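Report on the structure
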Amino acid sequence: MAALHVAVAVVVDARQQVLISRRATAAHQGGLWEFPGGKVEPGESVNEALARELREELGIEPGASRPLLLVPFDYGDKAVLLDVHLVTQFRGEARGLEGQPLAWVSPAQLSQYRFPAANLAIVDAVQQALGD
Ligand SMILES: Nc1nc2c([nH]c(=O)n2[C@@H]2O[C@H](COP(=O)(O)OP(=O)(O)OP(=O)(O)O)[C@@H](O)[C@H]2O)c(=O)[nH]1
Ligand SMILES: [Mg+2]
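The structure displayed is predicted, hence computed values, not measured ones. (Residues numbered from 1 in each chain as written. Chains lettered and ligands numbered in written order. Predicted model: local features only at pLDDT ≥ 70, side-chain atom pairs only at ≥ 80, totals over all residues. Heavy atoms only, no water.)

Remarks on the sheet that holds strand β3 (residues 33–34)
The 3 strands lie next to each other as β3-β2-β9, forming an open sheet whose pairing is antiparallel. The open sheet terminates on both sides in strands that have one partner only, identified here as β3 and β9 (102–105). Looking at chain direction, strand β2 (residues 18–22) and β3 are connected through 2 bridges and run antiparallel. Bridge pairing links R22 to W33 in β3. (Pairing = 2+ DSSP bridges. Helix = DSSP H or I, 4+ residues; strand = E, 2+ residues; numbered from the N terminus.)

Now the structure itself:
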């Protein structure tokens with residue numbers, strides 16, 4: 001089964017706080033915290049998917065971003081390829097447009113939240129890239 005290509009954004013504000021959101025209980029890996037993002041649709045580039053997901057889920061428009069890491073992970077019921085980007089500039093104020101709780105936390109504080117298993121590598125990379 002081909003892995004699902006997922007665009008994932010680590011949004012960082014001017015104070016070096018990182019945005020996380022909580023997945024709906026009924027969703028895959030529900031109830032856990034995540035970085036905003038979603039599936040890359042057919043015909044879409046990963047950057048287009050990233051911008052669309054940030055618009056749909058948070059109401060922000062990304063400016064500068066750069067690739068951070070790729071995380072292939074097989075959950076057993078689903079295989080994903082998380083294409084993670086650091087978004088260091090954006091317009092607008094993030095809101096949970098799908099009713100999802102949001103939190104801005106320091107890189108060090110990320111270790112205190114429960115994420116899907118694939119995200120442990122992302123938390124490590126963020127702490128290394130931004131310092132904690
Ligand atoms: N967005 C996001 N997805 C993640 C993360 N970590 C992780 O394993 N995933 C997995 O990636 C897959 C796709 O993400 P998603 O459910 O957000 O996709 P989407 O927004 O297009 O969902 P939708 O089907 O509700 O429209 C899910 O199986 C999810 O469990 C993460 O940090 N952020
Ligand atoms: Mg999503």
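Some remarks on the UniProt feature "binding site: Mg(2+)" (unreviewed entry) in the chain
The feature "binding site: Mg(2+)" (unreviewed entry), as annotated in UniProt, sits at G37 and E57 in this numbering. The greatest C-alpha distance among the annotated residues, which extend across 21 residues, is 7.9 Å, indicating that they converge on a single site. Taken from the residues named earlier, the lining of the largest pocket is made up of G37 and E57. With respect to the helices and strands, the residue G37 is situated in strand β4 (residues 37–39). Beyond its immediate sequence surroundings of up to four residues, G37 is in contact with A7, V8, E53 and E57. Relative to the helices and strands, E57 resides in helix α1 (residues 46–58). Looking at E57, the relative accessible area reads 9%, which means it is buried. Here the side chain of E57 touches G37 through a polar contact of 3.2 Å, landing on its backbone nitrogen. (UniProt positions renumbered as here; feature names shortened; annotations may be inferred. 1 Å grid on protein atoms, 1.4 Å probe; cavity = no way out; pocket = protein on both sides within 12 Å on 5 of 7 lines; lining within 4 Å. Contact = heavy atoms within 4.5 Å. Buried < 20%, exposed > 50% of the residue type's maximum accessible area, 1.4 Å probe, protein only. Polar contact = N/O pair within 3.5 Å; in protein donor to acceptor, adjacent residues only side chain to side chain.)

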